[in-house]
Amino acid sequence: MSAASAASGPKKKIANRWILLGLLSALLLVLFAKSLDPHQVLFANDVPLGARKAESNSLPGRFTGTWSDLSWLGGAGPAASPSITMLLATVFPAVAYLKIYAPFTLLFLGFSAWVFFRQLKFSPVVCVLGGVAAGLNSHFLSIACWGLGNWNLAAGCAFLAMGALYAKSIPKVWERAVLAGLAVGMGVMEGYDVGAILSIYIGAFILFRFFNNDDSTGQQVANALVAETLVVIFAGIIAYHTMHTLVTTEVEGVALMGQDAETKLSRWRSATQWSLPKAETLQIMVPGLFGYRLSGNISETDRSSAYWGRIGQDPRIARIGSDDAMERSNALTEFHLPTNFLASLDTPNRESRTDPMIAITKKTGIYWRYSGSGETAGVIVSLLAFFGLANIFRKDGLYTKSDRRAICFWGLAALFSLLAAWGRYGFIYQLLYKMPYMSTIRNPIKFMHPFHIAWLILAGYGMEALYRRAARTAAGNANDMVFVQITRKWSKMTGMDRGWAIFTMILAGAAVAGTVLMFVCRPQWLQYLRDQSFTPLAAMNISHYGLLMCVEFLVFLIAGIVVIAAVLSGAWTGTRSKMAWGALGLLMVCDMARADYPWIHYYDYNEKYALNPVTDFLLEKPWEHRVIGKLEPRGPGSGITPYFGQLYFFWLQNDFPYHNIQTLDFPQMAHMPDLDRLYLKAFELNGSDIYSTDLRPAVRLWELTNTRYILGTANAVELLNDRTGSGTFKLDGLFNMVRKPDLTSVGDAGDLTVVQSGTKGEYGIVEYTRALPRAKLFSNWLTTNDDDTLKVLSDQSFDPWKTVLIAPKTPVAQAQSDSTADPGTVSITDYHSKNVRLQADAKTASILLLNDRFGADWQVRVDGARQPMLRCNYIMRGVYLTPGHHVVDFAFRPPLGSLYVSVSAIIIGAILAGFLIATRKPEASAPAPIAPAPVPAPKPTSAPAPKPVSAAPAKQKPGGAKAKKG
């Protein structure tokens, strides 16, 4: 009998593993079914298909460094790390990668959660449902559908690290700690700052883990110290390459990342913009209450599911709409807007200020709201988490002392994470913000990541408690209806069971009352939506949708309460237990699937990235010119193209990188280096009205940066020539903006395109003929310090075509030639993001100016010999050339020592993991992971007749045994 049991044990484990993978894979395949369509790819905001197709993001080249040359003047980015994400991106083409990446990260997360629950010795059904709950969690799924699936991999690594620390099959603490450290390090490589946040929680968990056992105090301290030390060391080694590149590209040389009190204070507004408003905490249980995606990312024509909350809202929005005239005036002063904008806000009520506020946000580029993730954990999952928390007070052996401590730990972790995620709406993040380098995280809402991990673990404990209660609860009468048995049980409930019943009734009552209140207060709700920039029709649709979400929430809430009550009452125990877990699993899947589906957004990439007259025009030798669609890089709104701005911004993030078209604009740059910030500041415009502002600083910037083309309105040529007095602008083509063929509605700006229109176009491609070429030889140069260089470059009397300015400490002597001497010619013969080859014929000693950004890791060789790199015109690259013909090679070559360290750590970790798995001790002899021994049921208080019946078997044990034997 025992041999059979031992033989069947491993089979059950394998079966459970494959049940979880098969079930979760099938569910994800249904949700992401459009990936099977060859023309459809999943929307990804942060790294869309266009960005993945860009040469600068190609793999495996990024492992040796990243140089993003398509926006601004170029710049170093974090190098690719040997992580799971980068491995997939290397193996799969960009289109295939976007099809599989999001569901893969969710499958990885679900499996990792299953591993963790299994190490806690939870029952198989609980482990499977726990893995499904993690894989379908709307927070993680929405993040994956926003293009940040690497955060999900970081969460999966956190589960694996904690599972390793619980692994009984690995007896030695140091072995478990090393594996956990490698998992934590991989999480940091995947999640960056999210991985760093999770690593802090893992550190706290290690202390809890080793102090939550029966060892002596000395042994607990020793184990905790060994584990913490080894986890930190091995996590640091494996993530060394990532941390090194992040520091060198995102922190060093960025003054606004300083840790002094004054710098932190100046960054508070932007650092806390993505905070979770307290009211929106309700999203955890009520999916869709505040909507889902941003209006521009919704394909439905009514846009009823549009997000209407305040996540991502610039705090100045409330000040602009304030009833206090002085507050409004102070807010507008920060934007340097004309007085007519302030006058438009001088209205008697808040509603009449909405339209002027919308105009101001478009002009300044600040966000009214901007969210790409949901925070729904699910109704059923949340009920189970509450059930797990409620049962820590039981003293009947349902939970061990270790279980109760674990629930307290994860409950506190969830609470702390939620309070921290409130950001500027709470006090916790204000305290965290003062800690060293916490201010660099930028988004407090990232703390919802550890919250959902903690909440899932609490739900796992809740399911396990329900499983154990079912194992010890006597089955009810099979002939009675479920509701009859639940009602009968209610009259006999005592202690925590009665408390749970009362809690669920209060929760259901509050949900009903809240839904009724939202319906009754709908007029005020509609008014609020109109005040929040929505049209009356949009407000009506959103309120309809919100009420529908509340009704759906009530249905799932009541169904979940009934299922749990059925198990507790004994109606679904014994032979009916499969019915209970089937119903619970079905409710969980349906609940999360309906919350997940609105986040999944596909598009036909052939249609989205189809060429148009503008991109077709800019495609020819794109490295010889830059393009801009605003007056200033990082400038507010859309500059001289107010109605064209949304399409231009879409091109900036998608079409331009897809076709490797270089632009002076920034799609996004959270941390700008000081070199770039000070350079831009020297050319910023000092005015708010395009018809009265001196535009020459912007034009000088275009001249210095090889910005040859400007996308603007049809009258932009006349305007620019008139305002600058240069006559150097000409029109290269007119076009109109239209909806793409075969589309009945516009979902986002990518559904728009342009068509050529002869002489009657609304928009045009403007050519600036005075823009410097990308590469030029100079026979005359001056050596100046940085402050003087910026003054000279911005001086309108300076001619950048005749003289180039060299930064100090250059080995090049002062120019001997006259500025009018012919220096010769140069041409680009091969251009790539990290390698540029030029052919130069210098007639005199010359400086070759390459109008791409200077970087410390760039090297230059002239005719194969290494030469010193010069920093020219404050921010550009250059090299000294002697007279004659030369082949010049610029190459981006950052040091690779950190990469070798991380790769070595991964190899060592893989070898160690394989060894430990191969030599682990079998657990067949371990007791089954079921609840503690059931406590005897209380004796009946009535009907004394059964007492002799129950006592008789106890008195007749010998006889019973004899009868059995016979």
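On a predicted model such as this, the values are computed, not experimentally measured, just so you know. Per chain, the residues get numbers from 1 upward, laid out in the order the sequence is written. Residue-level local features of this predicted model are given only where pLDDT is at least 70; pairs of side-chain atoms are given and counted only at 80 or more, and the full residue set underlies all totals for whole chains, interfaces and linings. Excluded from the side-chain calculations are hydrogens and water; all other atoms, namely the structure's heavy atoms, are used.

What follows concerns the overall build of the protein chain. Elements are defined by DSSP. Helices are runs of H or I of four residues or more, strands are runs of E of two residues or more, and each kind is numbered from the N terminus. When helices and strands are counted, the protein chain shows 36 helices and 20 strands. Burial classes follow relative accessibility: with a 1.4 Å probe on protein chains only, a residue under 20% of its type's maximum area counts as buried, one over 50% as exposed, and anything between as partly exposed. Burial statistics for the protein chain: of 966 residues in total, 55% are counted as buried. Whether two residues are in contact is decided by their heavy atoms: any pair within 4.5 Å suffices. Within the protein chain, counting contacts between residues at least 6 apart in sequence, those at least 24 apart form 76% of the total.

Scored by pLDDT, the protein chain has a mean of 86; 88% of the residues are at 70 or more. A residue's pLDDT is simply how confident the predictor is in it, with values from 0 to 100. Contacts from residues 924-966, a stretch scored under 50 in pLDDT, to residues over four places away or in other chains number 17 contacts.

Moving on, we come to the pattern of salt bridges. Throughout this description, the term salt bridge denotes a Lys or Arg side-chain nitrogen within 4 Å of a carboxyl oxygen of Asp or Glu. By the definition in use, this model includes 29 salt bridges. Between Asp822 and Lys843 there is a salt bridge, with its nearest N and O atoms 2.7 Å apart. Here Lys843 lies in the loop between strand S14 (835-842) and strand S15 (846-853) and Asp822 lies in the loop between strand S12 (804-806) and strand S13 (824-831), a separation of 21 residues in the sequence. Residue Lys843 is classed as exposed on the basis of its relative accessible area of 55%. Connected via shared salt-bridge partners are Arg269, Asp314, Arg316, Arg319, Glu327 and Glu334.

Attention now moves to the nonpolar core. What we call a nonpolar core is a set of buried Ala, Val, Leu, Ile, Met, Phe, Trp, Tyr and Cys residues that are connected through their side-chain atoms within 4.5 Å. With 194 residues, the main nonpolar core has Phe32, Trp410 and Leu557 as its most contacted residues. A total of 16 residues in this core trace back to one element, the largest contributor, which is helix H24 (residues 536-569). Excluding its chain neighbours within four sequence positions, the residues that come into contact with Trp410 are Met162, Phe205, Ala454, Ile457, Leu458 and Tyr461.

Moving on to helix H4 (residues 94-119). In this model H4 runs 36 Å from its N-terminal to its C-terminal C-alpha over 26 residues, within 8% of the 38 Å that 1.5 Å per residue would give. At Tyr101, H4 shows its maximal kink, close to 35 degrees; a proline, Pro103, follows between one and four residues later. Of all 26 residues that make up H4, 21 are buried, and the element is covered over most of its length. Note on H4: the residue one or two positions beyond its end, Lys121, has a positive phi of about 65 degrees. By this rule the span expected of a helix is its residue count minus one, scaled by 1.5 Å. At every residue, the bend is computed as the angle between two fitted axes, covering the seven residues ending there and the seven beginning there respectively.

The next subject is the packing of aromatic side chains. Note on aromatic contacts: the rings of Phe and Tyr and the six-membered ring of Trp form a pair at centre separations within 6.5 Å, being stacked when their planes are under 30 degrees apart, edge-to-face when over 60 apart, and tilted otherwise. Per the stated rule, a full pass over the model turns up 54 aromatic pairs. Note on Tyr679 and Tyr874: the rings are 5.9 Å apart at their centroids and 5 degrees apart in plane angle, and the pair reads as stacked. Taken together, the positions of Tyr679 in helix H30 (residues 674-681) and Tyr874 in the loop between strand S18 (870-872) and strand S19 (876-881) put the pair 195 residues apart, joining distant regions of the chain. Grouping residues by exposure puts Tyr679 and Tyr874 together as buried. What links up through ring pairs into an aromatic cluster is the set Phe116, Phe117, Phe122, Phe159, Tyr166, Phe205, Phe208, Tyr399, Phe409, Trp410 and Tyr461.

Once that is clear, we can look at the pairing of strand S7 (residues 729-739). Should DSSP find at least two bridges between two strands, the strands are taken to pair. In this sheet, strand S9 (residues 763-768) lies alongside S7 in antiparallel orientation, the contact comprising five bridges. Across the sheet, residue Leu731 finds its bridge partner in S9, namely Val766. Bridge count for S7 against strand S8 (residues 752-756) is five bridges, and the pairing is antiparallel. Bridge pairing in S8 places Phe735 opposite Gln756.

Let us now look at the sheet that holds strand S20 (residues 884-892). Pairing is antiparallel in the open sheet, where five strands are placed in the order S13-S14-S20-S16-S17. The two strands at the open ends of the sheet, each matched to only one other strand, are S13 and strand S17 (865-867). On average, each strand axis in the sheet is tilted by 30 degrees relative to the strand beside it, whichever way the strands run. Bridge count for S14 against S20 is eight bridges, and the pairing is antiparallel. The residue of S20 that forms the bridge with Arg837 is Asp889. Fitted lines through C-alpha atoms give the axes, limited to the stretch in contact for helices. The angle between two N-to-C directions lies from 0 to 180 degrees.

Within this analysis, patches are made of residues with over 30% relative accessible area and no salt bridge. Like charges are joined at 9 Å or less; nonpolar side chains (Val, Leu, Ile, Met, Phe, Trp, Tyr) at 5 Å or less. Surface accessibility in these figures is a Shrake-Rupley result with a 1.4 Å probe; residues are shielded only by whichever protein chains are displayed. Residues Ile233, Ile237, Tyr240, Met243 and Val901 make up a contiguous nonpolar surface patch of roughly 380 Å² in combined accessible area. Those elements that place two or more of their residues in the nonpolar patch are helix H10 (217-238) and helix H11 (240-251). Relative to the helices and strands, Ile237 resides in helix H10. Accessibility expressed as a relative area gives 32% for Ile237, which makes it partly exposed.

Read across the sheet, five strands follow the order S5-S6-S9-S7-S8 without closing on themselves; strand pairing throughout is mixed. Looking along the sheet, the strands with just one partner apiece sit at the ends: strand S5 (626-628) and S8. Each adjacent strand pair in this sheet contributes to an overall mean axis angle of 30 degrees, direction not counted. Against the sheet, helix H28 (residues 645-653) makes contact with S5, strand S6 (707-713), S7 and S8, and its axis sits at roughly 105 degrees relative to S8, the strand it touches most. The strands touched by helix H32 (residues 716-724) within the sheet are S6, S7 and S9, with S7 carrying the most contacts at an inclination of about 140 degrees.

Topologically, Lys621 is positioned in the loop between helix H27 (613-618) and S5. Judged by relative accessible area, Lys621 falls into the partly exposed class, the value being 46%. Sequence-wise, Lys621 and Ile661 are 40 residues apart; in three dimensions their C-alpha atoms are separated by 8.8 Å.

What follows is about the packing of helix H6 (residues 138-145) against helix H7 (residues 149-166). For any two helices packed against each other, the geometry comes down to the angle between their axes and how far apart the axes lie. Where H6 meets H7, the closest approach of the two axes is 7 Å, and the angle between their N-to-C directions is 140 degrees. As judged from the angle between their axes, H6 and H7 are oblique. Of the residues in H7, those touching H6 at Phe140, Ile143 and Ala144 are Gly149, Trp151, Asn152 and Ala155. Residues are grouped as follows: Ala, Val, Leu, Ile, Met, Phe, Trp, Tyr, Cys and Pro are nonpolar; Asp, Glu, Lys and Arg are charged; all remaining types, including Gly, are polar. A per-class count over the contact of H6 with H7 returns five nonpolar, two polar and no charged. Each angle receives one of four descriptions, namely roughly parallel if under 35 degrees, roughly antiparallel if over 145, roughly perpendicular if within 65 to 115, and oblique otherwise.

Another point: helix H9 (residues 193-211). Its 19 residues give H9 an end-to-end C-alpha distance of 28 Å, which sits within 8% of 27 Å, the value for a rise of 1.5 Å per residue. For H9, every residue scored as buried is listed here: Val194, Gly195, Ile197, Leu198, Tyr201, Ile202, Gly203, Phe205, Ile206, Phe208, Arg209 and Phe210. Of the surrounding elements, those touching the buried residues of H9 are H7, helix H8 (173-191), H10, helix H18 (401-421) and helix H20 (448-472).

The next point concerns the packing of helix H17 (residues 379-390) against helix H22 (residues 495-520). Their axes nearest at 11 Å, the elements H17 and H22 cross at an angle of 145 degrees. In this structure, H17 crosses over H22, and the sense of that crossing is right-handed. Contact residues: Leu383, Phe386, Phe387 and Ala390 in H17; Met496, Trp500, Phe503 and Leu507 in H22. Partitioned by chemical class, the residues of the contact of H17 with H22 number eight nonpolar, no polar and no charged. Crossings are classed by handedness, with left-handed meaning an anticlockwise turn of the near helix from the far one by less than a right angle and right-handed meaning a clockwise turn.

With that out of the way, let us pick up the pairing of S15. Along S15, eight of the eight residues are buried, which leaves the element largely enclosed by surrounding structure. Of the strand pairs in this sheet, strand S10 (residues 775-778) and S15 are connected by four bridges, and their pairing is antiparallel. What sits directly across from Phe778, in S15, is Ile847. As judged from the six bridges shared by S15 and S19, these two strands associate in the antiparallel manner. Bridge pairing links Ile847 to Tyr880 in S19.

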